Structure formats: structure tokens, C-alpha cells
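# Analysis of the macromolecular model
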Amino acid sequence: PNSFLWSIANRVSYWMNFSGPSMTVDTACSSSLTAVSLACEAIRTGECSAAIVGGVNLDVHQTKLDINQAGGALSSDGVCRSFGKNANGYVAGEGVGALLLKPLDRAVQDGDHVYGVIKSAVLNHGWRTSGYTVPNPKAQTNLIASALEKAGIEAGTIGYIEAHGTGTELGDPLEIAGLTQAFSAD
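The structure presented is a predicted model; accordingly, all values stated were derived computationally and were not measured. Within every chain, residues take consecutive numbers counted from 1 along the sequence as written. A pLDDT threshold of at least 70 governs which residues receive local features in this predicted model, and a stricter bar of 80 or more applies before side-chain atom pairs are shown or counted, although totals over entire chains, interfaces and linings include all residues. Side-chain numbers come from the whole structure's heavy atoms, not from hydrogens or water.

### A closer look at the overall build of the chain
Going by this rule: Numbering of helices and strands starts at the N terminus; helices are DSSP runs of H or I of at least 4 residues and strands are runs of E of at least 2. Exposure categories follow from relative accessible area, calculated using a 1.4 Å probe and restricted to protein chains: below 20% of the type maximum is buried, above 50% is exposed, and the middle band is partly exposed. Throughout, a residue-residue contact means that at least one pair of heavy atoms, one from each residue, lies within 4.5 Å. Method for areas: the Shrake-Rupley scheme with a 1.4 Å probe, in which residue coverage is limited to the protein chains shown. In this tally, Asp and Glu contribute negative charge and Lys and Arg positive charge; neither His nor the terminal groups of the chain are included. Where a charge lies is defined by one atom per residue type, namely NZ (Lys), CZ (Arg), CG (Asp) and CD (Glu).
Looking only at helices and strands, the chain has six helices and two strands in total. Along the chain direction, N to C, the helices and strands of the chain fall in the order α-α-β-α-β-α-α-α. A buried classification covers 25% of the 186 residues belonging to the chain. Counted over contacts in the chain with a minimum sequence separation of 6, partners at least 24 positions apart contribute 56%. For the chain, the accessible surface area stands at approximately 12,900 Å², while carbon and sulfur atoms represent 57% of it. With 11 positive and 17 negative side-chain charges, the chain shows a spacing of 3 Å between the two charge centroids.

What follows is the structure, encoded as C-alpha cells:
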């Protein structure tokens, strides 16, 4: 509860002698995606030439688990069944990851191994719903359509989707409905 969320980003920038934006983003489940979107925009506008984007989830205080349990987000039997039968919530987990982002032509020129190409990054909020684990399919449809348009690609060319997948009987079907609607145009 007494942590300084801004500290890690600024300590990494200080230690590595980086300039440019150095920030911590906390938007719950979308924090890493939001950080990637902000970094892509900073690269696109020339604010920086490359970016390290990281994501961290640590459950270091019992209060976080208590709040998620009370809100019905945690699986009652400790098994996450995203998009599956008998889904009843997610299982808390901890992890850390980081990406180095730079323009594709520069990565190729530098001889980097390219794991993927980000063609667009789009953010939104799902408006008002009945809870954190309940997505808004209309907002999701609009977001995906916007991302496809911004990237200049058709939905049928996509081979991989990373979904929120809250593992709930209500939330997962709503997420599938939003994806289905967005992809049905193609």
C-alpha cells in the first residue's frame, strides 16, 4: 500500500541513462497494452526513437486479493477457465515482461530479431457495465474496427488474438460477442 508506482520506470531510465518519456501506467488489466500504445505513439511522433515497455503484476499485499475475491473476480476453485465451461473467475498470478520497440526499418538495419510487428494500437474504455469483469461488446466491436482501420488490414488476415478472458460465465461470452461482431464485417 505504500509503494511508489512511478519509481520503477524512473529508476530504469536513470540506471540506463535513458531520456524521453519515463512513466508508470496503471490501468488495471490494460496497463501493458496502454504502455505499448503510448510508446508506439511516442516513436511515431519522433518523441523517442525506441522504447522499452514493460508490464508487472505483483500481488504483494493481501488487500488486493481480498478486494478481487469480494468482487467475485477470483475463481472459487482456483482454476481459470477462460472461454470455457464452468468459468468462475480468474486465478491471481504474478509476472514481469518487457519489450524493446523500435521502427521496423531500424530493427532490420540493426540486425535485431523481430518477434512481431505492431501495425496499430488503439485504446478505449468500455463505458458503464455491471462490473469490472463484464466487458461491453459494442465498445469492443468499435475498438477492434478502429484498430483494423488504423492498421489498414482486414480481419481475416489476423491469426492471433490476445483477449481479456476474465474466465467468468457473463464476461467471456460478451467478449466473444464483441469479437464476433467486429470480425463479421470481413
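### What about the side chain of Gln140?
Considering the arrangement of structural elements, one finds Gln140 in helix α5 (residues 137-151). The buried category is assigned to Gln140, whose relative accessible area is 16%. The residues touching Gln140, leaving out its near neighbours within four places in the chain, are Leu174, Glu175 and Gly178.

### Some thoughts on unusual backbone geometry
Positioned with a positive phi, Ala28 is a non-glycine residue whose angle comes to about 65°. Structurally, Ala28 is set in the loop between α1 (7-16) and α2 (31-44). One non-glycine residue, Phe83, lies in positive phi territory at about 60°. Of note, Phe83 is situated in the loop between α3 (62-70) and β2 (95-101). Judged by its relative accessible area of 38%, Phe83 is partly exposed.

### A word on the nonpolar core
The test is simple: In these notes, a set of buried Ala, Val, Leu, Ile, Met, Phe, Trp, Tyr and Cys residues joined through side-chain atoms within 4.5 Å is what counts as a nonpolar core.
Listed in full, the nine residues of the largest apolar core are Ala35, Val36, Ala39, Ala42, Ile43, Cys48, Ala51, Val53 and Leu101. Breaking this core down by element, the ones donating at least two residues are α2 and β1 (51-57). Per-element accounting of this core gives the leading share, five residues, to α2. Sequence-distant contacts of Ile43, that is, excluding residues within four places in its chain, are made with Cys48, Ser49, Ala50, Ala51, Leu101, Lys102 and Pro103. Grouped together as the second largest cluster of nonpolar side chains are five residues, Ile144, Leu148, Leu179 and Ala182 included.

### Regarding the packing of aromatic side chains
Basically, it comes down to this: Any two rings among Phe, Tyr and Trp, with Trp reduced to its six-membered ring, count as a pair given centres within 6.5 Å; such a pair is stacked if its planes are under 30 degrees apart, edge-to-face if over 60, and tilted if neither. In this analysis the charged atom, NZ for Lys or CZ for Arg, is taken to sit over a ring once it is within 6 Å of the ring centre and within 35 degrees of the ring normal.
On inspection of all chains with the given rule, the structure shows one aromatic pair. The interplanar angle of 40° and the centroid separation of 5.5 Å between the aromatic rings of Phe4 and Trp6 together place this pair among those described as tilted. Between the NZ or CZ atom of Arg11 and the centre of the ring of Tyr14, over which it lies, the distance is 4.6 Å.

### What to know about the pattern of salt bridges
Where we set the bar: Within this document, salt bridges are pairs made up of a side-chain nitrogen of Lys or Arg and a carboxyl oxygen of Asp or Glu, the two lying within 4 Å of each other.
Applying the stated criterion across every chain yields a total of six salt bridges. Counted as one network, the salt bridges with shared partners bring together Lys102, Arg106, Asp110 and Asp112.

### Quick word on the confidence of the model for the chain
For clarity, the cut-off: As a per-residue quantity, pLDDT reports the predictor's confidence and falls between 0 and 100.
Per-residue pLDDT for the chain averages 91, and the proportion of residues at 70 or more is 99%. Within the chain, no element has a lower average pLDDT than α3, which sits at 90, and none a higher one than helix α4 (residues 104-109), at 98.

### Observations concerning the packing of α5 against helix α6 (residues 171-184)
Stated precisely, the cut-off is as follows: Interaxial angles span 0 to 180 degrees and are taken between N-to-C directions of axes, which are lines fitted to C-alpha atoms, for helices over the stretch in contact. Between 65 and 115 degrees an angle is taken as roughly perpendicular, under 35 as roughly parallel, over 145 as roughly antiparallel, and anywhere else as oblique. The handedness criterion is simple: a crossing whose near helix is rotated anticlockwise from the far helix by less than a right angle is left-handed, and one whose near helix is rotated clockwise is right-handed.
At their nearest, the axes of α5 and α6 sit 8 Å apart, and the two run at 40° to each other. When the axis of α5 is compared with that of α6, the two are oblique. When you trace α5 past α6, the crossing you get is right-handed. In contact with Pro137, Gln140, Thr141 and Ile144 of α5, α6 contributes Leu174, Glu175, Ala177, Gly178, Leu179, Gln181, Ala182 and Phe183.

### Here's the deal with the environment of Pro21
Tracing the backbone through its elements, the reader meets Pro21 in the loop between α1 and α2. Put simply, Pro21 and Leu179 are 158 residues apart on the chain and 33 Å apart in space, counted from C-alpha to C-alpha.

### Thoughts on the state of the cysteines
The line we're drawing: Throughout, disulfides are identified as pairs of cysteine sulfur atoms within 2.5 Å of each other.
One pass over the structure, following the stated rule, counts zero disulfides. Of all cysteine sulfurs, the one in Cys29 lies closest to Cys80, which takes part in no disulfide; the gap is 11 Å. Accessibility expressed as a relative area gives 37% for Cys80, which makes it partly exposed.

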